[in-house]
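# Understanding the architecture of this molecule
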Amino acid sequence: MDLAALLGIQVLYAIASLALISLGLAIIFGMMKVINLAHGEFLMLGGYAAIEANKLGLNIWIAMLVVAPIVVGAIGVIVERTIIRWLYGRIIDTMLATWGLSLFLIGLTTAIFGNTTVGLSAPLGSFEIGRYRLSAYTLFVIAVAVVALAGVLAALRFTRAGLIARGTMQNGAMAAALGVNPGRVYAVTFGVGAALTGLAGAVLAPVSGVFPTIGAAYVAKSFITVIGGGAAIVTGTTSASILFGAINQLATYATTPVFGEVALLAAAIVLIRVLPQGVTGRFFRRSL
Amino acid sequence: MSFNRRQFLTSAAAVSAASLLSFEGASAADPIAVASLLDLSGGLDIYGKPMIDAMTLAVEEANAAGGLLGRQIKLINYDTQSSMQLYTQFAQQAALKDKVAVAMGGITSASREVIRPVFDRFKTLYFYNTQYEGGVCDRDQFETGVTPAQTVEKLVPFAMKKWGKKVYVVAADYNYGQITSQWVKKYTLENGGSVSAIEFFPLDVTNFSSTIAKIQAAKPDFVWSALVGGAHISFYRQWAAAGMNKSIPMASTTFGVGNEQIVLSPSECNGMLVCYNYFESVKNAANTAFLAAFHKRFGADYPNVTELAMGSYQGFKLWAEAVKKAQSVDRMKVIEALETGISIDAPSGKVTIDPPTHHCILDVHIAEVKDKKFNLLEDFAQQKPSDTAAVCNLIKNPTDNQQYVIKI
């Protein structure tokens, strides 16, 4: 019983971390159709932003929840204005440009911080479930994921900015005709996607540590989740995360972390074969 | 002036022969090339960086003392970037292009097994200066690091006496972790204990939550870690975050060699037990002099000289001693000089080459992690590499060339 509760929390945690690392990409790739191969590096930058801010004496919560999203969001806006905006609709060129950006960011962070693992100690301590102990930080990550997903859903559905963003992505020329500045909308949307990615990187930093090439560990999983989820940003990310996260964690528990990853990838292949448009291509079709 | 083809060829040949000759003539005063192959970036840089610093100091000290055989030593430093492919490439470059007198390096046992055949094939003397799982038997190679019979054999009974008889082993998933965990199992069983499970992790795994749950379900008396590299530091963090470090203690054959005790906070790793050849707190005159020189060269705030850094330093010193004895850098002559059982007074104590195994006889110490430092608890003087000695005798079988693996 205790073990079941513990496993349940760990499955939730796996789902939450998958959703967190994918949400920003769901906006940038799912919504804006920009294949951002530097997504993993945005996560990495979020981790560094939090750790550096914490080193400068900022409270760890402010460093993770405020500083990291702002820093990476700002980097996102700069990247969009200087690189991405020239390449909308040119998928191959965007891939090449963002791949270059990814290598550049890895090189830059290596030069500044060194190619060494740095980390934070997870705050919050631990708690007991029967005879098992678990890091309380696990629950915090799950909470952040829920809040982030709910926040994005609410912003897209209930706010004017969300409506404008969705409209501009669907038909930029029409949005412009109605008095919206598409350039600004694109920049802000990309920035929001980057900020969410930075948040995820910061929140996961105490768990996995940060080093310049850590993005490689995340980027494939993020793309798999977003593609597996399909067109709808929040519903798609959530459903794909639930599916892949649960499979990954249960397989890991039953065997080893290696087979956990294999199970995740195998599930992704089967899913894309059965549902080429992702989960939300078939189910929850009109959701966001 | 007539200048036909034959005359041209003759004079050209003479000129080139002369230039060749002059090149040959100058080479006696040329520096002796020594190659270092270490991971100075990537996931294994936590080990490689202190090693190259210690190696640099050893070379500089030798040069300041007038070099070897009247020649200066040139350290050719290859950063293998935690990539096996680069190990092969740089090993070939060191052997064929630089024609080095000796190559030193390799950190993981996987990388050693990648470059060992290369140096064998191209007849280049090779020093592996890292503590490892033991069993390599190769006349071309010298191993200056400690092996399980020198460390695990001491630490297992020590930890079992302190904590209890049931062990759970977590290890890196390559030859080092695979073989070392078998040694841990062997010594645990021999001391009347039991091993609940042995789990392996590839070097890039950072999520250990399900393992931590499994360990709690198994309720061992202590955990043995043979985890390796930067990513695996997450295990110690997640272990502490779950509060487990307060209920289940840990012993390790790898903790601290990458200065993990400094990267982590004291509350995350205090009380862990380790066993190595060298700790900064070892007391002897050579160590005092070494630490003074090291801090003068690399700054007073240099975090900690690791076991592996000392391995590099001592490896170079042993080779230099053999070159002096052989009065040559010729590979066979140096090997024969080393096989006389050469000995140095190193910062870790006396270090002697064991001729039949090409490993070292040296001091080891058990220590406890305490506030980012190691407190020495027990010393074992002049330990022999008995694990490798049981299977390997290069005096009797000089052509033996393999890594013996423990069978349980």
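Since the model is a prediction, treat every value here as computed from it, not as a measurement.

Conventions adopted
- Residues numbered from 1 in each chain as written.
- Chains lettered and ligands numbered in written order.
- Predicted model: local features only at pLDDT ≥ 70, side-chain atom pairs only at ≥ 80, totals over all residues.
- Heavy atoms only, no water.
- Pairing = 2+ DSSP bridges.
- Helix = DSSP H or I, 4+ residues; strand = E, 2+ residues; numbered from the N terminus.
- Axes fitted to C-alpha atoms, helices over the stretch in contact; angles between N-to-C directions.
- Contact = heavy atoms within 4.5 Å.
- Phe/Tyr/Trp six-rings, centres within 6.5 Å; stacked < 30°, edge-to-face > 60°.
- Buried < 20%, exposed > 50% of the residue type's maximum accessible area, 1.4 Å probe, protein only.
- Lys NZ or Arg CZ within 6 Å of the ring centre and 35° of its normal.
- Salt bridge = Lys/Arg side-chain N within 4 Å of Asp/Glu carboxyl O.
- Disulfide = S-S within 2.5 Å.
- Buried area = accessible area lost by both parts, 1.4 Å probe.
- Polar contact = N/O pair within 3.5 Å; in protein donor to acceptor, adjacent residues only side chain to side chain.
- Nonpolar A, V, L, I, M, F, W, Y, C, P; charged D, E, K, R; others polar.

All right, on to the sheet that holds strand β4 (residues 125–128) of chain B then. Residue and element names in this part refer to chain B. Reading across from one edge, β2-β1-β3-β4-β6 is the order of the five strands in this open sheet, with parallel pairing throughout. Of all strands in the sheet, those bounded by a partner on one side alone are β2 (73–79) and β6 (141–143). The sheet shows a mean angle of 20° between the axes of neighbouring strands, taken without regard to direction. With four bridges connecting them, strand β1 (residues 32–38) and strand β3 (residues 102–105) associate as parallel partners. Of the residues in β3, the one forming a bridge with V34 is V102. Across the sheet, helix α2 (residues 45–64) touches β1, β2 and β3, and the angle it forms with β2 is around 170°.

Moving on, we get to the packing of aromatic side chains. Evaluation of the coordinates by the stated rule reveals 27 aromatic pairs over all chains. Seen from their ring centres, Y78 of chain B and F90 of chain B are 4.7 Å apart, and the 20° between their planes marks the pair as stacked. Within this pair, whereas Y78 of chain B is found in strand β2, its partner F90 of chain B is found in helix α3 (residues 84–97), the two being separated by twelve residues in sequence. Each member of the pair Y78 of chain B and F90 of chain B is classed as buried. Positioned over the ring face of Y253 of chain A is K214 of chain B, at 5.8 Å from the centre of the ring.

The subject of this paragraph is the pattern of salt bridges. Residue and element names in this part refer to chain B. Taken as a whole, this structure holds 20 salt bridges over all chains when the rule is applied. Note that E153 is salt-bridged to K154, the shortest N-O span being 3.0 Å. When the shortest N-O distance is used, the salt bridge between K186 and E190 registers 2.9 Å. With K186 and E190 both in helix α6 (residues 175–190), this residue pair falls four residues apart, about one helical turn.

Right, let's talk about the state of the cysteines for a bit. Residue and element names in this part refer to chain B. Evaluated as defined, the whole model comprises one disulfide over all chains. Paired through a disulfide, C137 and C392 show a sulfur-sulfur distance of 2.0 Å. Between C137 and C392, the disulfide has an S-S torsion of 75° and is therefore right-handed. With C137 in strand β5 (residues 136–138) and C392 in the loop between α14 (386–389) and β16 (401–403), the pair connects residues that are 255 residues apart, well separated along the chain. There is no disulfide at C360, and the cysteine sulfur nearest it, in C392, is 13 Å away. Exposure remark for C360: the relative accessible area of 0% places this residue in the buried category.

Residue and element names in this part refer to chain B. Relative to the helices and strands, I233 resides in helix α8 (residues 233–241). As for I233 and I73, which are separated by 160 residues in sequence, their C-alpha atoms are 37 Å apart. Beyond its immediate sequence surroundings of up to four residues, I233 is in contact with I46, E260, V263 and L264.

For the rest of this paragraph, the subject is the interface of chain A and chain B. How big an interface is tends to be reported as the loss of accessible area on association of its parts. The interface of chain A with chain B comprises 27 residues on the first partner and 31 residues on the second. Interface area, chain A with chain B, both sides summed: about 2,200 Å², of which 51% is carbon and sulfur. For the pair chain A and chain B, the number of links is zero salt bridges. Joining chain A to chain B, the criterion identifies five residue pairs in polar contact (both at pLDDT 80 or more). Breaking the side of chain A that touches chain B down by element, the ones donating at least two residues are α1 (2–31), β2 (132–135), α8 (182–208), α10 (233–254) and α11 (257–274) of chain A. Ranked by residues supplied to the side of chain A that touches chain B, first place goes to β2 of chain A with four residues. When grouped by side-chain class, the residues that make up the side of chain A that touches chain B number twelve nonpolar, 13 polar and two charged.

It is worth stressing that arrangement in space is one thing and function is another; only the former is reported here.
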